[in-house]
Amino acid sequence: MKKAEKTRQFIVETTAPIFNVKGYAGTSLADMTEATGLTKGSIYGNFANKDEVALAAFEHNWQRVKTMVRAEMDKRDTSKGKLLALVGVYQNLQSHDFPEGGCPLLNTTVEADDTHPDLRKKAADAFLGWMKNIVTVVETGIAAGEFRASVDAEQTALTLIAMIEGAIMISQLTGNASHRTAVMAAVERTILDLT
């Protein structure tokens, strides 16, 4: 890896938690220079502007989530097991390498909805990719006879994602992890009811 690539990667990895905690609007150039120990010129010598850093930070945070979830799902042999792995990850965020500040998809979606179209598109693409992956798992489960033939894979994926993201949002809002536990139990029941 070239020095410029290493510097870019360092900036992204160092600022990604800040963007995920403070958001795009709340993260200042001072936050970025303080965290990285680099000057404004060094940061903007590697990125065109704050937008570009924010987009890269979101991609980094979301990649961490995808890698962690995929690793847990890959440990399972069945489609039902793979879906239940989602419950395990999101029920026990503290036991996994989850990004500081919570779910980057949720955080970015809420903030970028009307204020940052490029960041909103990144979040939408992340959501669609997640949904597609769950749809594939459900369809594989239907084909293997694990799930009822009448199960709507797309509706199931949307429901699971909405419940998981809702659980995280409510838990963060209230500061009460038991709310996430309660919703994740409902996610598990939804998965078990597919059979």
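Small disclaimer: the values here were computed from a predicted structure and weren't measured.

Peer 1: Would you take a moment to explain the side chain of Thr27 for this structure?
Peer 2: Position of Thr27 among the secondary structure elements: in the loop between α1 (3-26) and α2 (29-36). The exposure class assigned to Thr27 is buried, which follows from its relative accessible area of 0%. In this structure Thr27 touches Ile18, Phe19, Lys22, Met32 and Lys50, once residues within four positions along its chain are discounted.

Peer 1: Sorry, what's going on with the packing of aromatic side chains here?
Peer 2: Ring pairs (aromatic) are described by centroid distance and by the angle formed between their planes. In this structure the tally under the stated criterion is two aromatic pairs. Relative to Trp130, the ring of Tyr90 has its centre 5.9 Å away and its plane inclined at 25°; by these criteria the two rings are stacked. With Tyr90 in helix α5 (residues 79-91) and Trp130 in helix α7 (residues 117-143), the pair connects residues that are 40 residues apart, well separated along the chain. Classification of Tyr90 by relative accessible area gives buried; the value is 0%. What makes Trp130 buried here is its relative accessible area of 8%. Members of the aromatic cluster, connected to one another through ring pairs, are Trp62, Tyr90 and Trp130. Over the ring of Phe47 we find Arg8; its NZ or CZ atom is 4.1 Å from the centre of that ring. Lys50 extends its terminal NZ or CZ atom over the ring of Tyr24, reaching a point 4.5 Å from the ring centre.

Peer 1: Help me out: how do you make sense of a nonpolar patch on the surface in this one?
Peer 2: Together, Met169, Ile170 and Leu173 make up a nonpolar patch on the protein surface, roughly 290 Å² of accessible area in all. Positionally, Met169 belongs in helix α8 (residues 153-174).

Peer 1: What am I meant to see in the nonpolar core here?
Peer 2: Of all hydrophobic cores here, the largest spans 42 residues; its most connected members are Trp62, Leu83, Leu86, Tyr90, Trp130, Ile134 and Ile164. Elements with a contribution of two residues or more to this core: α4 (50-74), α5, α6 (104-112), α7, α8 and α9 (177-192). Considering every element that reaches this core, the biggest residue donor is α7, with nine residues. Here Tyr90 is in contact with Val65, Val69, Phe98, Trp130, Ile164, Ile168, Arg180 and Met184, once residues within four sequence places are set aside. Core analysis: the second largest hydrophobic core is formed by eleven residues, Ile11, Phe47, Val53 and Ala54 among them.

Peer 1: Help me out: how do you make sense of the pattern of salt bridges in this one?
Peer 2: Taken as a whole, this structure holds six salt bridges when the rule is applied. Here Asp31 ties to Lys22 by a salt bridge, and the two come within 3.0 Å at their closest N and O atoms. A relative accessible area of 17% places Asp31 in the buried class. Exposure remark for Lys22: the relative accessible area of 44% places this residue in the partly exposed category. Here Glu59 and Lys122 are joined by a salt bridge, their closest N and O atoms 2.0 Å apart. With a gap of 63 residues between them, Glu59 in helix α4 and Lys122 in helix α7 connect regions that are remote in the sequence. Overall, Glu59 belongs to the partly exposed group, its relative accessible area being 38%. For Lys122, a relative accessible area of 27% gives the class partly exposed.

Peer 1: Explain the packing of α4 against α7 to me, please; I cannot follow it from the model alone.
Peer 2: Pairs of packed helices are described in terms of their axes, by the angle between the two and the distance that separates them. Closest axis-to-axis distance for the α4/α7 pair is 10 Å, and the angle between their directions is 10°. When the axis of α4 is compared with that of α7, the two are roughly parallel. Crossing angle aside, the handedness with which α4 passes α7 is right-handed. In this structure, α4 contributes Ala54, Leu55, Phe58, Glu59, Trp62, Arg70 and Met73 to the contact, and α7 contributes Asp118, Leu119, Lys122, Ala123, Ala126, Trp130, Asn133 and Val137. Classifying every residue of the contact of α4 with α7 by side-chain character gives ten nonpolar, one polar and four charged.

Peer 1: Honestly, the confidence of the model for the chain in this entry has me stumped. Any pointers?
Peer 2: In low-pLDDT regions, the fine details of the predicted coordinates are not to be read closely. Taken residue by residue, the chain gives an average pLDDT of 92. The fraction at 70 or more is 98%. Mean pLDDT across the elements of the chain ranges from a minimum in α6, with 86, to a maximum in α7, with 95.

Rules behind the numbers
- Residues numbered from 1 in each chain as written.
- Predicted model: local features only at pLDDT ≥ 70, side-chain atom pairs only at ≥ 80, totals over all residues.
- Heavy atoms only, no water.
- Helix = DSSP H or I, 4+ residues; strand = E, 2+ residues; numbered from the N terminus.
- Buried < 20%, exposed > 50% of the residue type's maximum accessible area, 1.4 Å probe, protein only.
- Contact = heavy atoms within 4.5 Å.
- Phe/Tyr/Trp six-rings, centres within 6.5 Å; stacked < 30°, edge-to-face > 60°.
- Lys NZ or Arg CZ within 6 Å of the ring centre and 35° of its normal.
- Patch = residues over 30% accessible without salt bridge, like charges linked within 9 Å, V, L, I, M, F, W, Y side chains within 5 Å.
- Areas by Shrake-Rupley, 256 points an atom, 1.4 Å probe, with all protein chains shown as cover.
- Salt bridge = Lys/Arg side-chain N within 4 Å of Asp/Glu carboxyl O.
- Core = buried A, V, L, I, M, F, W, Y, C linked by side-chain atoms within 4.5 Å.
- Axes fitted to C-alpha atoms, helices over the stretch in contact; angles between N-to-C directions.
- Parallel < 35°, antiparallel > 145°, perpendicular 65-115°, else oblique.
- Left-handed = near helix turned anticlockwise from the far one by under 90°.
- Nonpolar A, V, L, I, M, F, W, Y, C, P; charged D, E, K, R; others polar.
- pLDDT = per-residue confidence, 0-100.

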